[in-house]
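Per-entry structural report
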Amino acid sequence: MQLDDIVIVLVRAEESRNIGAVCRAMANCDIRRLRIVGMKREDYDIDSVYRLAIHAGYIFDDAEFYETIAEATADCAFAVGTTRREGRRRKGALLLPEELGPLVKDRSGGEGSGGKAAVLFGNERSGMSDEEMRSCDFGLTIPSSENFGSLNLSHAVQLVCYELFRSLSRREESLLYKRELITRPRLEETVACMLDDMAQIGFFSHLGREDMEEFWRSILSRAMLTEDEAMKVQKTFDRAAELATREPLNHPSASHYRS
């Protein structure tokens, strides 16, 4: 299943500005299919929709309008209703937003299968009714404060779309893990160079090398360095040692990496 197979369904949404903000939230996450149940296009102030949609007004232009949830989700493999309230009539155990992406992947039937997944959001004031939730296969809730738990409609849509974007988009992988990181032996070489530089300036007459080695290994392993970053760290320590002693570097770990 791809992002084009995700359908956002608004049930009895009343506020035109909310519709525009929903369009913008969807566009942020490359989700384009908007369906509205229980309302008609002429029920909304188009200028207000466009004003909040910014450059995502095309999503409202292409939106489809239905009288019932059954009609709006007839071509979908399954439907997920969002709710703040729990209970037997609210689909029992409720999914969290981060659990929706894996669910969509597991039930998609494979790429090109044609199935869609619908996520339903209720009216701004009353949310999804018990009857409307019964029309869904799953329930989903967004944890929020017990003192003020009600989310704005567009904010709820944004949170759910973001999690779907992370799971289904080809860009979901964090940039951190696209970097070519140095190996553990290479990290040890960087740490050795740093400690040799510190030894050259007499640092270890005051503090043991072993403790400092453990400290820097811990810090740099969490930093997940690339080769360029490791080289810059080494050259910084090399240069500091040269300036402090006004002598050429006299340890092998530095000379091997100097350019």
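The rules we used
Throughout this description, residue numbers start from 1 for each chain and increase along the sequence as written. Local features are withheld for residues below a pLDDT of 70 in this predicted model, meaning they are given only at 70 or higher, and side-chain atom pairs are given and counted only at 80 or more; totals for whole chains, interfaces and linings count all residues. Side-chain figures throughout are based on the complete set of non-hydrogen atoms in the structure, without hydrogens or water. Points on a 1 Å grid over protein atoms alone make up a cavity when a 1.4 Å probe fits among them but cannot get out, and a pocket when they form an open set with protein on both sides within 12 Å along at least five of seven lines; lining residues each have an atom within 4 Å of a point. Grid points are joined across faces, edges and corners, and a volume is the space filled by probe spheres set on the points. Amino acids are sorted into nonpolar (Ala, Val, Leu, Ile, Met, Phe, Trp, Tyr, Cys and Pro), charged (Asp, Glu, Lys and Arg) and polar (every other residue, Gly among them). Residue burial is assigned from relative accessible area. The probe radius is 1.4 Å, only protein chains are included, and a residue is buried under 20% of its type maximum, exposed over 50%, and partly exposed in between. Per the convention used, a helix needs a DSSP run of H or I reaching at least four residues, while a strand needs a run of E reaching at least two, with both numbered from the N terminus. Pairing between strands is defined by DSSP: at least two bridges between the two strands are required. Within 6.5 Å between ring centres, the rings of Phe, Tyr and Trp (the latter by its six-membered ring) count as paired, and their orientation is classed by plane angle as stacked under 30 degrees, edge-to-face over 60, tilted in between. Confidence scores here are pLDDT values: one per residue, from the predictor, ranging 0 to 100. It only takes one pair of heavy atoms within 4.5 Å for two residues to be counted as in contact. Where helices are involved, their axes are fitted lines through C-alpha atoms of the stretch in contact, as for all axes, and angles between N-to-C directions lie from 0 to 180°. For classification, angles of less than 35 degrees are called roughly parallel, those exceeding 145 degrees roughly antiparallel, those between 65 and 115 degrees roughly perpendicular, and all remaining angles oblique. Note: crossing handedness is left-handed where the near helix turns anticlockwise from the far helix by less than a right angle, and right-handed where it turns clockwise.

Observations concerning the layout of surface pockets
Put simply, the largest pocket is a space of about 490 Å³. Taken together, 22 residues line the largest pocket, and the ones lying closest to its centre are R84, N123, G127, S150 and L151. Of the residues that constitute the lining of the largest pocket, the class distribution is seven nonpolar, ten polar and five charged.

Here we look at the pairing of strand β1 (residues 6–11)
For β1, the buried fraction is high: six of the six residues fall into the buried class. Note: β1 against strand β5 (residues 116–121), five bridges, orientation parallel. The partner of L10 across the bridge, within β5, is F121. Bridge analysis of β1 against strand β2 (residues 33–37) gives five bridges, and the strand direction is parallel. Directly across from L10, in β2, lies its bridge partner I36.

Structural notes on unusual backbone geometry
In terms of backbone geometry, most residues other than glycine have negative phi values and most peptide bonds are trans. The backbone of D30 sits at a positive phi, close to 60°, despite the residue not being glycine. Within the secondary structure layout, D30 lies in the loop between α1 (16–28) and β2. The phi angle at I54 is positive, at roughly 60°, despite the residue not being glycine. One can find I54 in the loop between α2 (46–53) and α3 (57–61). With a relative accessible area of 45%, I54 lands in the partly exposed category.

Focus: the packing of aromatic side chains
Using the criterion set out here, one finds six aromatic pairs in the structure. Each ring, one from F78 and one from F138, has its centre 5.9 Å from the other, and the planes form 85°; the classification is edge-to-face. Residue F78 is located in strand β4 (residues 76–82), and its partner F138 is located in strand β6 (residues 138–140); the two are separated by 60 residues in the primary sequence. Of the residues examined, F78 reaches a relative accessible area of 2% and is grouped as buried. Ring centres of W216 and F237 lie 5.9 Å apart, and the angle between their planes is 85°; this geometry places the pair in the edge-to-face category. Taken together, the positions of W216 in helix α9 (residues 209–223) and F237 in helix α10 (residues 227–245) put the pair 21 residues apart, joining distant regions of the chain. One aromatic cluster is present, formed by Y44, F60 and F65 through successive ring pairs.

Focus on the confidence of the model for the protein
Mean pLDDT over the protein stands at 86; residues scoring 70 or higher make up 86%. Confidence drops under pLDDT 50 across residues 109–113; counting only partners more than four residues distant or on other chains, this segment forms three contacts.

With respect to the packing of helix α8 (residues 184–200) against α9
Look at α8 against α9: their axes get within 10 Å of each other, and the N-to-C directions meet at 135°. One element, α8, and the other, α9, form an angle in the oblique class. Regarding α8 and α9, the two cross each other, and that crossing is right-handed. Here α8 contributes L187, E188, T190, V191, A192, M194, L195, D196, M198 and A199 to the contact with α9, which in turn contributes R209, M212, E213, W216, R217, L220 and S221. Residue classes in the contact of α8 with α9 are distributed as ten nonpolar, two polar and five charged.

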